[in-house]
Amino acid sequence: MGSEQSLIKDLEIEDKATEVSNYWSVYSAKLKTDAQTSLITIFQGDSNLNSNQLLWQNKNPLEKAAKNLMLFRHPSILKYIPHISAWEKKGPTSSTKFLATENCKPLSHLIKTQNSLQICLGLKNILNSLVFLVEHGKMRHLNVCFSSIYITNEGIWKLFGFEYLWSSHEVNSNLLEMSFSNRYSNAVDKNELINNGIGIEQYAFATLCKEIFELMPKEVNVPHSDEFQKYCTKHLQHTNPILRPELSAVLLHPYFNHDFVAIHSFLSEIPLKDPTEKQQFFTDLVDKLRTFDENDVAIHLGDFLLSRLVLLDPTAQITVTPFVLDPKCDDIVPGVFSTKTFIKFIIPKLKKVFCVHDLQIRLILLEHFHKFMSLFTEEDLTGLILPQLLLGIKDTNDILVSMTLRCLADLVAILGATVVVGRNRSRLFADGRPQRVPEASIHHWTEPRSISPVVESAGQYSSHNMIIRDYNDLSRLSYTDVSNENLLSERLSPDGGEAGDEKNKDDDQWSDWDEESAKTPDLTVENDLQIHSTKSVLVNDDIENLDSIMKAKVKSNDDKEIDFFKDMEPVIAKTQFLVIEEKKEHETQQISRLQANLNENVTEEGWDESDWE
């Protein structure tokens, strides 16, 4: 027994009891630890309550049940809390016994909420626990009935009532006679004293099954349920107890071996299966699971499907796990569970699996993380998942770090970069796109040009919302990041554009681009011109007319130069033309002076030799 001081400080017991029996009351409680708060169940009984001293051997029934519960452990037997177990609280006149177990509720409270499949699996669990106790543990459970069965939060039926658990050599006629008034009368064979207690468990289990079947809707019965009811009456409650079958033989009945139960049995016994059996089983498992109700699959098979042995099985990793971890949003997605079922039953299990620091398990979760990450609540992501992922990037395994970083990148879209990478961020990259101009101006061009490099193929959208131009049809220009504004198409300086006749320099320097100039006039000049004049010029393709207008406009604004290529600096600027023009005039003057000097030094007879002396 534990001490009183070791349990009370972290335990909060509710005031209202969920069940009151002859020997104890059942309460819900919360156990607070550093890591989390867990829901548990507390059995509380008065130590002075002892209606049958000889039967309980001068012990409290709850004390006897607690000792038996800690001695016999089985998946189908109610589990006690190891670090609390049982304790006693002494009072002035009497003491109170306590027993802490996993969170559960009495079967009698929940039997009407159980469907036919849950009942079938529940009865099989109780039968498994009886096989363990009677045939392997050499014990006798003298009171198999509703009051001895509890259902956990996961919907699993567990056997209790261990105050009636005795070893086989202790059971005799005297003990049976003393216990007769305390046990469930319908589950007691009237001839059990004559038969010296043979087949007590078979008779009581058959009574339990028949009472449950009476509460089940007839139209939703599990296959072979009608046959099993007749089997209970004819064989399990046979008047000759020697002819009653062994409990392990009852497990072979078809009622406990249809497809769903067979899958459940295989997954629960998977450590005993050889690789060939597992490969064959997992190959078509998903197709079989889709034939059952997804809630039943999630409740009864969810833990098995996310167990270590299944996640690490090579065949299951290909044929099962991808479909279990991929919630289906519609009929197209081939997942096993819908989004609603996934959130309700699978997400709580995944939260537990994420806390397992096993490399292979974590890699599998990271591989499919993008499929179900949006189904976690924001509190789960920030409080549990994100810390676990941040822990993974500190590992020495490069693959784990790489996959973890990818998952962190996916979380940015949900939680934001500040939550994922921290607050110490600043603007380090600027938007270097060309200057934007009013949308109305671009409608005068039909073949826009750009000096920007081609980032992606035409007609495709960039993952970073870059602008894609369609050069064949301006009306099909698509923008993913610009609203009501377009970029001005720039044009490069033509090769050899500065060459030409000096006399007609202004007229001919764009001679190679005349055709395009008609289609793409400079934006600044066009804004200064009247719209109707420009349209007339463009329609008539009168290039000379346009050039004369441009020259007249430039001459009228000598005091204030207009930079026609402002967006293309420093590639082309008007000052460059002025420099080129001045340089050529200077070179022309130098050539003229040089020619004059040469003429002065040339005599009629040739070069003046005196100049070489």
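Source: prediction; values computed, not measured.

> Provide a residue-level description of the overall build of the protein chain, including the pertinent values.
Scanning the protein chain from terminus to terminus reveals 28 helices and 15 strands. Each of the 613 residues in the protein chain was classed as buried or not, and the buried ones make up 42%. In the protein chain, the proportion of contacts linking residues at least 24 apart, taken out of those at least 6 apart, comes to 63%. For the protein chain, the exposed surface amounts to about 35,500 Å²; the carbon and sulfur share of it is 51%.

> Give a description of a nonpolar patch on the surface that names residues and reports values.
Taken together, the side chains of Leu390, Ile393 and Leu405 make up a nonpolar region of the molecular surface, amounting to roughly 210 Å² of accessible area. Position of Ile393 relative to the elements: it lies in the loop between α20 (378-392) and α21 (398-415).

> Tell me about helix α8 (residues 225-236), and please be specific about residues and values.
Residues Ser225, Phe228, Tyr231, Cys232 and Leu236 constitute the buried set of α8. With its buried residues spanning 105° around the axis, α8 presents them on a single face. In α8, the exposed residues that point more than 90 degrees away from the buried face are Lys230 and Lys234. Where α8 is buried, its residues contact α7 (200-215) and α9 (247-250).

> Got a sec to walk through unusual backbone geometry? Specific residues and values, please.
Backbone phi values are negative for most residues with the exception of glycine, while trans is the configuration of most peptide bonds. Although it is not a glycine, Asn196 sits at a positive phi angle of roughly 60°. Its location among the elements puts Asn196 in the loop between α6 (173-179) and α7. Residue Asn196 is classed as partly exposed on the basis of its relative accessible area, which comes to 46%. At His224, a residue that is not glycine, the phi angle is positive and equals roughly 70°. A residue is classified by how much of its surface remains accessible, and His224, at 33% relative accessible area, is partly exposed.

> Can you tell me about the packing of α20 against α21, naming the residues and giving the values?
With their axes 9 Å apart at the nearest point, α20 and α21 run at an angle of 155° to one another. Taken together, the axes of α20 and α21 lie roughly antiparallel to each other. The element α20 and its partner α21 pack so that their crossing is left-handed. Touching Glu378, Leu381, Thr382, Leu386, Leu389, Leu390 and Gly392 of α20 are Leu400, Val401, Thr404, Cys407, Leu408, Leu411, Ile414 and Leu415, all from α21. Across the contact of α20 with α21, the residue classes tally to eleven nonpolar, three polar and one charged.

> Any chance you could break down the packing of helix α10 (residues 259-268) against helix α11 (residues 275-283) for me, citing the residues and the numbers?
Between α10 and α11, the shortest axis-to-axis distance is 12 Å and the interhelical angle comes to 140°. By the angle between their directions, the pair α10 and α11 is classed as oblique. In the packing of α10 onto α11, the handedness of the crossing is left-handed. For the pair formed by α10 and α11, the contact residues are Ile263, Phe266 and Leu267 on the first element and Glu277, Lys278, Phe281 and Phe282 on the second.

> Break down the sheet that holds strand β7 (residues 104-106) for me, with residues and values.
Within the open sheet, the three strands sit side by side as β7-β9-β10. Their pairing is antiparallel. A single partner strand is all that each edge strand has here, and the edge strands are β7 and β10 (157-159). The mean angle between the axes of side-by-side strands here comes to 40°, regardless of whether they run parallel or antiparallel. Helix α5 (residues 116-136) contacts β9 (149-152) and β10 of the sheet and is inclined by roughly 25° relative to β10.

> Can you break down the side chain of Lys64 residue by residue, with the values?
On the secondary structure map, Lys64 appears in helix α3 (residues 61-71). The buried charged residue Lys64 lacks any salt bridge partner; its closest oppositely charged side chain belongs to Glu170, at an N-O distance of 5.3 Å. In this structure the side chain of Lys64 is engaged in a polar contact, spanning 3.4 Å, whose partner is the backbone oxygen of Leu165. Excluding residues within four positions of it along the chain, Lys64 makes contact with Trp56, Phe162, Glu163, Leu165 and Trp166.

> Explain the pairing of strand β4 (residues 37-46) residue by residue, including any values.
Bridge count for strand β3 (residues 25-32) against β4 is eight bridges, and the pairing is antiparallel. Following the sheet pairing, Lys32 is matched in β4 by Thr37. Pairing geometry for β4 and strand β6 (residues 95-102), over seven bridges, is antiparallel. Paired with Asp46 across the strands is Thr96, a residue of β6.

> Can you explain the packing of aromatic side chains? Please cite residues and give values.
A complete count under the given rule lists 21 aromatic pairs for this structure. Between the aromatic rings of Phe354 and Phe376, the centroid separation amounts to 6.4 Å while the plane-to-plane angle is 80°, which identifies the pairing as edge-to-face. Separated by 22 residues along the polypeptide, Phe354 in the loop between α17 (339-353) and α18 (359-367) and Phe376 in the loop between α19 (369-372) and α20 bring together distant segments of the chain. We classify Phe354 as buried; its relative accessible area is 0%. With a relative accessible area of 5%, Phe376 lands in the buried category. Among the aromatic residues, those joined into a cluster by ring pairs are Trp24, Phe43, Tyr150, Phe160 and Phe162.

> Any details on the pairing of β6? Residues and values, ideally.
Among the eight residues in β6, seven count as buried, and that is most of the element. Strand direction decides the pairing type here: strand β5 (residues 86-90) and β6, joined by five bridges, are antiparallel. Within the sheet, the bridge partner assigned to Glu88 lies in β6 and is Lys97. In textbook terms, the turn of a hairpin is the stretch between consecutive antiparallel strands, and for β5 and β6 this stretch comprises four residues.

> Break down the state of the cysteines for me, with residues and values.
According to the stated counting rule, one finds zero disulfides in the structure shown. Free cysteine Cys209: the closest other cysteine sulfur is in Cys232, separated by 4.5 Å. For Cys209, a relative accessible area of 0% gives the class buried.

Criteria and cut-off values
Residues numbered from 1 in each chain as written. Predicted model: local features only at pLDDT ≥ 70, side-chain atom pairs only at ≥ 80, totals over all residues. Heavy atoms only, no water. Helix = DSSP H or I, 4+ residues; strand = E, 2+ residues; numbered from the N terminus. Buried < 20%, exposed > 50% of the residue type's maximum accessible area, 1.4 Å probe, protein only. Contact = heavy atoms within 4.5 Å. Areas by Shrake-Rupley, 256 points an atom, 1.4 Å probe, with all protein chains shown as cover. Patch = residues over 30% accessible without salt bridge, like charges linked within 9 Å, V, L, I, M, F, W, Y side chains within 5 Å. Salt bridge = Lys/Arg side-chain N within 4 Å of Asp/Glu carboxyl O. Arc of directions from axis to C-beta. Axes fitted to C-alpha atoms, helices over the stretch in contact; angles between N-to-C directions. Parallel < 35°, antiparallel > 145°, perpendicular 65-115°, else oblique. Left-handed = near helix turned anticlockwise from the far one by under 90°. Nonpolar A, V, L, I, M, F, W, Y, C, P; charged D, E, K, R; others polar. Pairing = 2+ DSSP bridges. Lys, Arg positive; Asp, Glu negative; His and termini not counted. Polar contact = N/O pair within 3.5 Å; in protein donor to acceptor, adjacent residues only side chain to side chain. Phe/Tyr/Trp six-rings, centres within 6.5 Å; stacked < 30°, edge-to-face > 60°. Disulfide = S-S within 2.5 Å.

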